[in-house]
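Below, each chain spelled out in residue letters.
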Amino acid sequence: MSTLAFRLADRDRQRFVGRLGELSRLEGLLTEEQSASVALVHGPGGIGKSTLLRELGRRADEQGWTVHVVEGRDLAPAPDAIEHVLAPARDDARPLIMFDTYERMSALGGYLRRSVLPSLPAAAKVVIAGRRPPEAGWRQGGWENLTMEVELRALEEDEALALLRAHGVTDERRARDVAAWAEGSPLALALAAENASPDWRPQGAHDPPEVVRSLIRQLAESELEGGHLDALGVASIARLTTPALLRSVLPDTDAEEAYTWLRRRTFTEPVGEGLALHELVRRALHADLRRRDQERERQLRRQIVDHLYERARNGSTVLSIDMAHLVESEAIRWGYGWEGSIHYRIDDVQPGDAVDVRARLKDRGAGPWWQLCEPYFLRAPDRVAVARDAADAVSGFLIAMSPSSAPAFADEDPVVGRWLAHAREHRELGDSVMWHSSVDFTHDPKGRVQAMLGMAGILRSGAQNPRYAYMPITPRRQGALRFAEAVGAVHLEDLDVELAGAIVECHRIDYGPGGLLGFQRDRIYAELGLPPPVEEPPSPNGATPEVTLEAVRDALRNYRVPHRLAESPLATGATPADRAAGVQALLERAAREAFGDTENERLMQKVLVRGYIEATASHEQAAY
């Protein structure tokens, strides 16, 4: 007789799609050929860990295994609770024990390794699934010889579309829109298919309330009660949250305590000097905050950009990435953004890249363009950056420079040669960055790789907060044209070039006296409906640079790293070498002239010189 449990399992089986590679590895755990006895499955919330375990359990049952599921949410955090749950498994000939939601019981990990798992039958197999990567204990004490790690990543597009079809979404265009919105999350795909109205199209802040509520409930609700919700609001808006950001935006909050609370959530992960929410959780929480308290969301976004802008102006130019994250214009985010970092990364040129890029350009019918790119790959690889996917395959590349960082042969380049001359004519107003090439091989309609190439080009160019940007655009690239229009770029027809029968147009952005950073800040203010703050424009290129404590500290730390000194806001000069040498000379002069004649001041001067300028082996040695 068919039961409700049978129907439930049958429906679950019918809706299981994808994960063939991961499932194959886990099924291998059940064979005698597999040396591992424990599989450690991990991935962010909503990525499909529980669904995968259920499918594995069904297949194991068909192969004669006795399946025991331990749900971390239902387990008391005490050793005897595990013993009680696993008691039946000790009498089975072939037990498969699966721990789900392990993050709720990870405090018992040491007890599992010391006592529980070693006492199971030799034939037992164990699968442990949680949000966080395996703790260090699984790589010690011999466990490294018995464990295998399986990381769950986002579903590929074809898998996402198959899952939507399994949930009854038959409109192909809507399915592709929803798949792009869900970013490969099985949970988001299922919730959108089941809860959103058939005519809904993903539009960020206008996500269906029922979908947002379901996402929060299933991904984070149990971890939010009694927490630092203001800090969570900041983290849902910012790309990266640091204690300094919390101190600046929430002055009445204990920033260290709030940051520690955030760091202990299972839906956060360390990134650089701070932390970030898993993207699915971040988007859901941001949409919920905006829906509940739009004015508070606007206030936090303004305070965040103010903090980032001040730090960026004082030398932390890389925070331009974080400012770009706050811009909501889809047209601008197509050209400047870092969302793609979930799936892609920016890398230096590696052996074999030139051959790969050449072949890909040829396949796209752009073979002649490679002749212009090849000198940079071979003779100036520091002007090139390559985008790679999770499998390290080339997903795109850029060639970017400023007048001071351009290689000598660039002056003869048919594309950027005249652009460089034009930029030098206007140098008194500020620096320029120019893209020789910015090629996305992914055909991604969201332009995630293209956006990363845009940001990376600025940071790689050597230009500090450029006033101008020169872009090559072919008229058929609609995304590029929309971006150029959104940022107010002007088509300089005199600098267009014809190559292999195609016109490459030159579009120049004038970011204004505040440079790129000022443009980004003002754009965010405009989106918030606020007038931009009035301030003195930064000194034009070549004038005495603004000296800040942070800039001096960074320069001292990088005294013998020329390429970092060339990027310092203290730097002046036409070439990277000139800029680096100028900063060194400035620091040496300051060390000579900034101290008085008292014994204490002479001692401080000696410590400074020996610790930084004379490159004593360590700062500790400089104290003696």
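Fair warning: this is a prediction, and the values are worked out from it, not measured in the lab.

Moving on, we come to the overall build of the protein chain. If you tally the helices and strands in the protein chain, you get 27 helices and 15 strands. If you take every contact in the protein chain between residues at least 6 apart in sequence, the share linking residues at least 24 apart comes to 70%. Accessible surface, the protein chain: about 29,900 Å² in total, of which carbon and sulfur atoms supply 50%.

Right, let's get into the sheet that holds strand β5 (residues 147–151). In spatial order, the strands read β2-β3-β4-β1-β5; together these five strands make up an open sheet with parallel pairing. What marks the edges here is a single partner per strand, and that holds for β2 (66–71) and β5. Going from strand to strand, the sheet's axes swing by 15 degrees on average, the running direction of each strand aside. In this sheet, strand β3 (residues 95–100) lies alongside β2 in parallel orientation, the contact comprising six bridges. Bridging across to β3, H68 finds its partner in I97. Against the sheet, helix α2 (residues 20–28) engages β1 (38–42) and β5, with an angle of about 165 degrees to β5.

Running from amino to carboxyl end, helix α10 (residues 229–237) crosses helix α14 (residues 294–313) at an angle of 65 degrees, the nearest separation of the two axes being 10 Å. Relative to α14, the element α10 lies roughly perpendicular. By crossing handedness, the relation of α10 to α14 is classed as right-handed. Of α14, the residues touching α10 (which contributes D230, G233, V234 and I237) are R296, E297, L300, R301 and I304. Across the contact of α10 with α14, the residue classes break down as four nonpolar, one polar and four charged.

What follows covers the packing of aromatic side chains. Across all of its chains, the model carries nine aromatic pairs by this definition. Where Y336 meets F483, the ring centres are 5.2 Å apart and the plane angle is 80 degrees; that geometry is what we call edge-to-face. Note that Y336 is positioned in the loop between α16 (330–335) and β8 (344–347) and F483 in helix α21 (residues 478–486), a separation of 147 residues in sequence. Overall, F483 belongs to the buried group, its relative accessible area being 4%. With 6.1 Å between their ring centres and 40 degrees between their planes, F397 and F441 make a pair best called tilted. Of this pair, F397 sits in strand β10 (residues 394–401) while F441 is found in the loop between β11 (432–440) and α20 (448–461), placing the two residues 44 residues apart along the sequence. Across this residue pair, the class does not change: F397 and F441 are buried. One cation-aromatic arrangement involves R508 over Y468; the distance from NZ or CZ to the ring centre is 4.1 Å. Here the guanidinium or amino end of R521 rests over the ring plane of Y309, the centre of that ring lying 4.2 Å away.

This part covers the environment of E330. Position of E330 among the secondary structure elements: in helix α16. For E330, a relative accessible area of 60% translates into the label exposed. Sequence-wise, E330 and K446 are 116 residues apart; in three dimensions their C-alpha atoms are separated by 8.8 Å.

By size, the foremost hydrophobic cluster in this structure holds 91 residues, and its most contacted members are L189, L215, L246, I304, Y336 and I509. Beyond its immediate chain neighbours, meaning those up to four positions away, L246 contacts A231, V234, T241, P251, A255, A258, Y259 and L262. Among the nonpolar cores identified, the runner-up in size contains 34 residues, and Y376, M401, A406 and V504 belong to it.

Moving on to the pattern of salt bridges. The full count for this structure, using the stated rule, is 34 salt bridges. As a salt-bridge pair, R59 and E55 come within 2.8 Å of each other at their nearest N and O atoms. Note that R59 and E55 are positioned in helix α3 (residues 49–62) at a spacing of four residues, about one turn of the helix. Look at R59 and you get partly exposed, because its relative accessible area is 26%. Accessibility expressed as a relative area gives 3% for E55, which makes it buried.

Those residues of helix α23 (residues 549–557) not exposed but buried are A551, A555 and L556. Axial view of α23: buried residues confined to an arc of 130 degrees, hence all on one face. Opposite the buried face of α23, by more than 90 degrees, sit the exposed residues L549 and R557.

This part is about the side chain of H286. Structurally, the position occupied by H286 is in helix α13 (residues 279–292). Leaving out residues up to four positions away in the same chain, H286 has contacts with S236, I237 and E297.

Turning to unusual backbone geometry, a few remarks are in order. What is expected of a backbone is that most residues other than glycine have negative phi and most peptide bonds are trans. The residue T101 is not glycine, and still its phi comes out positive at about 55 degrees. Along the chain, the position of T101 falls in the loop between β3 and α5 (109–116). Even without being a glycine, N465 presents a positive backbone phi close to 50 degrees. Here N465 is to be found in the loop between α20 and β12 (468–473). The class of N465 is partly exposed, set by a relative accessible area of 21%.

For β10, a buried count of eight out of eight residues is recorded, marking the element as mostly surrounded by other parts of the structure. Examined bridge by bridge, strand β9 (residues 384–389) and β10 share five bridges and lie antiparallel to one another. Across the sheet, A385 pairs through a bridge with L398, a residue of β10. Here β9 hands over to β10 after four residues, with D392 in that stretch at a positive phi of 70 degrees. Of the pairings in the sheet, the one linking β10 to β11 comprises six bridges and is antiparallel in character.

For the rest of this paragraph, the subject is α14. Across its 20 residues, α14 extends 29 Å between first and last C-alpha, which sits within 8% of the 28 Å expected from 1.5 Å per residue. Three or more residues of α14 are buried, namely R296, E297, L300, R301, Q303, I304, V305, H307, L308, Y309 and A312. Tucked inside the fold, the buried residues of α14 contact α10, α11 (243–249), α13, α15 (320–326) and α22 (515–527). Two residues or fewer past α14, G315 is found with a positive phi of approximately 120 degrees.

What counts as what
Residues numbered from 1 in each chain as written. Predicted model: local features only at pLDDT ≥ 70, side-chain atom pairs only at ≥ 80, totals over all residues. Heavy atoms only, no water. Helix = DSSP H or I, 4+ residues; strand = E, 2+ residues; numbered from the N terminus. Contact = heavy atoms within 4.5 Å. Areas by Shrake-Rupley, 256 points an atom, 1.4 Å probe, with all protein chains shown as cover. Pairing = 2+ DSSP bridges. Axes fitted to C-alpha atoms, helices over the stretch in contact; angles between N-to-C directions. Parallel < 35°, antiparallel > 145°, perpendicular 65-115°, else oblique. Left-handed = near helix turned anticlockwise from the far one by under 90°. Nonpolar A, V, L, I, M, F, W, Y, C, P; charged D, E, K, R; others polar. Phe/Tyr/Trp six-rings, centres within 6.5 Å; stacked < 30°, edge-to-face > 60°. Buried < 20%, exposed > 50% of the residue type's maximum accessible area, 1.4 Å probe, protein only. Lys NZ or Arg CZ within 6 Å of the ring centre and 35° of its normal. Core = buried A, V, L, I, M, F, W, Y, C linked by side-chain atoms within 4.5 Å. Salt bridge = Lys/Arg side-chain N within 4 Å of Asp/Glu carboxyl O. Arc of directions from axis to C-beta. Expected span 1.5 Å × (residues − 1).

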